[in-house]
Amino acid sequence: MVLLTGKGGVGKTTTAAGTAVLAGERGLRTLVLSTDAAHSLSDAFGVSAGGSADGHTPVAERVWIQQVDAQRRFEDSWASIQDYLRAVLDAAGTDPITAEEITVLPGAEEVLALLALRDEVVSGAWDLVVVDCAPTAETLRLLALPEALGWYLDRLATSGSRVVRAVTPALARAAGVPVPEPRVGEAVQRLHADLREVRTLLAAPTSSVRLVLTPESVVVAEARRALTTLSLYGYTVDGVVANRVFPDSDDDKWRRTWAEAQRETLADVEASFAPLPVWRAEYAPREPVGAAALAELARAAYGESDPVAVVDAPPPMDVVRRGAEVELRLALPFATGGEVGLTRHGGDLVVTVGSYRRVLALPSMLTRYAVTGAHLDAGHLAVRFAPPPETRATP
């Protein structure tokens, strides 16, 4: 599974589509799935999507595209829970329209896209799934959801079961609050299990994220922040595609000036994203539409490298013993001390980078250890833990 993301307008869709066509040429049954609400895959291939019964539209040899049926998946995954919440709010006298708004699952569209992606990956029908992601901010929310929402659902399922056991039907009638039916708890558990499976698939060694950018300082800065946040959530980034690069020109002063400016930016990209590969795609003479044009663009960008090779990347989180202490190292490239926050909450470590937060369940061996310090070291957050006093060796 390869997910492509970047700032809006940098060419994610054409890059994803071209990558998929090259994979098809290599003999891989490939699906391109879009998580962007503004689906443009069909436009890139010059076809009409959604004609088949299963939602898969063939666009090239061994390549299909799909757009998510959000409404159906919402009804399957959230309807039971929403019905119960509406009943509770109705008993409390809440206006029906207000109740409808309150009970809409936050990030519902993102959740539905994740569940659709999970279904396709586990179906066994594909050798490769290429994901044409929404712009960076939406993608980061999408990839943060499985762990964050799973954390809340885990606590809802645990506390909810206790409440159901404690509140008898008689007490519920006296209080005017309906007792949740078994299907409500089952729906919570099912959604929790689904999201846990999504998280496992996204963090698997065979999954990676690829950043698409154009050689502009604002776009590159956003790509750097995206790499930091993706690393925070434990996702592997396998490379950077620099799109719309101006070719050198001696006879056109305007284009020569742009090419010189881009060379400086690209040198910065190569240096700052190292050791990640940086593939370059030159500005096409015309808009690439159709499988042949998309493949030509991708072939020029990737050159001799394999665009779908599985990356052998170091783990985003590692635990290292330092004498009596233990150091937990979390990859956070480009992070600075002023934007990183760290809090210990029981068996969880809460790491904040800018506006993004991750709740890390500590390895079992560290749950009894105390945090003694933390610092940023060579693109990693290093958190030191000391064993409890009773286990320390006496001098």
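Whatever comes next refers back to the structure up there.
Residues numbered from 1 in each chain as written. Predicted model: local features only at pLDDT ≥ 70, side-chain atom pairs only at ≥ 80, totals over all residues. Heavy atoms only, no water.

Asker: I'd like a rundown of unusual backbone geometry, residues and numbers included.
Answerer: Cis rather than trans, the peptide bond between Ala274 and Pro275 has omega equal to 10 degrees. Structurally, Pro275 is set in the loop between helix H10 (253-273) and strand S8 (278-282). Of note in the backbone geometry, Phe334 takes a positive phi value of approximately 75 degrees without being a glycine. Relative to the helices and strands, Phe334 is located in the loop between strand S10 (325-331) and strand S11 (340-345). The partly exposed category is assigned to Phe334, whose relative accessible area is 32%. (Helix = DSSP H or I, 4+ residues; strand = E, 2+ residues; numbered from the N terminus. Buried < 20%, exposed > 50% of the residue type's maximum accessible area, 1.4 Å probe, protein only.)

Asker: So what's going on with H10? Residues and values would help.
Answerer: Its 21 residues give H10 an end-to-end C-alpha distance of 30 Å, which sits within 8% of 30 Å, the value for a rise of 1.5 Å per residue. Of all the residues in H10, the buried ones are Ala259, Gln262, Thr265, Leu266, Val269 and Phe273. Mapping the buried residues of H10 onto a view down its axis gives an arc of 135 degrees, with all of them on the same face. For H10, exposure combined with an orientation more than 90 degrees from the buried face picks out Lys253, Glu264 and Ala271. Turning to H10, the residues buried within the fold contact strand S6 (208-213), helix H9 (217-232), strand S7 (237-245) and S8. (Expected span 1.5 Å × (residues − 1). Arc of directions from axis to C-beta. Contact = heavy atoms within 4.5 Å.)

Asker: Could you give an account of the layout of surface pockets, naming the residues involved and the relevant values?
Answerer: There is about 620 Å³ of room inside the largest pocket. Forming the walls of the largest pocket are 27 residues, and the residues nearest its centre are Pro275, Leu276, Pro314, Ala331 and Pro333. For the lining of the largest pocket, the elements supplying multiple residues, two or more each, are H9, S7, H10, strand S9 (317-322) and S10. Tallied by class, the residues present in the lining of the largest pocket amount to 18 nonpolar, five polar and four charged. (1 Å grid on protein atoms, 1.4 Å probe; cavity = no way out; pocket = protein on both sides within 12 Å on 5 of 7 lines; lining within 4 Å. Points joined across faces, edges and corners; volume = space filled by probe spheres on them. Nonpolar A, V, L, I, M, F, W, Y, C, P; charged D, E, K, R; others polar.)

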